[in-house]
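# Residue-level structural notes
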Amino acid sequence: MGTESARYGEELFHLLVETVADYAIFAMDPAGRIVHWNAGAERVTGYTQADALGTTLASIFTPDDVAAGVPEQELRTAAATGRAEEERWHVRKDGVRFWAQGV
């Protein structure tokens, strides 16, 4: 029953994440490549799941932040501490900037 219960919990978690439209929820692998992108991430950033999967988050950072290595620094922080938190300008697919808090 433990395995079945764990599987149910995992399926429930995925269903919840997939249906959230007000918040961008995504996951990355240890190399920083996006492996999960929910409907909220698509709505907030303008990038579809097909656009995002396998890429890095650099596309939603401002050019100045990319040049300063901010995406890589956040990945290093998350790897070292299990968490990275920031509040800054990001860029949608259409080039419009938006202010966001990310954890």
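Predicted, not measured: the structure shown is a model, and the values here were computed from it.

With that settled, the discussion passes to the nonpolar core. Counting residues in each nonpolar core, the largest one holds 9 residues, listed as I34, W37, A41, Y47, A52, L57, I60, F61 and V70. Contact partners of Y47, with chain neighbours within four places excluded, come to W37, A41, E42, S59, I60, V91, R92 and K93.

What follows is about the packing of aromatic side chains. Within this structure, the stated rule accounts for 2 aromatic pairs. Geometrically, the ring pair formed by W89 and W99 is edge-to-face, given 5.3 Å between the ring centres and 75° between the ring planes. Placement of W89 in strand β3 (residues 86-91) and of W99 in strand β4 (residues 97-102) is noted, with a sequence separation of 10 residues between them. Look at W89 and you get partly exposed, because its relative accessible area is 42%.

This part is about the side chain of D65. Tracing the backbone shows D65 in helix α4 (residues 63-67). The contact partners of D65, leaving out residues within four places of it in the chain, are V70, P71, R88 and W89.

On the surface, Y8, L12 and L15 cluster together into a nonpolar patch covering about 340 Å² of accessible area. Here L12 lies in helix α1 (residues 2-19). For L12, a relative accessible area of 45% translates into the label partly exposed.

What counts as what
Residues numbered from 1 in each chain as written. Predicted model: local features only at pLDDT ≥ 70, side-chain atom pairs only at ≥ 80, totals over all residues. Heavy atoms only, no water. Core = buried A, V, L, I, M, F, W, Y, C linked by side-chain atoms within 4.5 Å. Buried < 20%, exposed > 50% of the residue type's maximum accessible area, 1.4 Å probe, protein only. Contact = heavy atoms within 4.5 Å. Phe/Tyr/Trp six-rings, centres within 6.5 Å; stacked < 30°, edge-to-face > 60°. Helix = DSSP H or I, 4+ residues; strand = E, 2+ residues; numbered from the N terminus. Patch = residues over 30% accessible without salt bridge, like charges linked within 9 Å, V, L, I, M, F, W, Y side chains within 5 Å. Areas by Shrake-Rupley, 256 points an atom, 1.4 Å probe, with all protein chains shown as cover. Salt bridge = Lys/Arg side-chain N within 4 Å of Asp/Glu carboxyl O.

These figures capture arrangement, not role.
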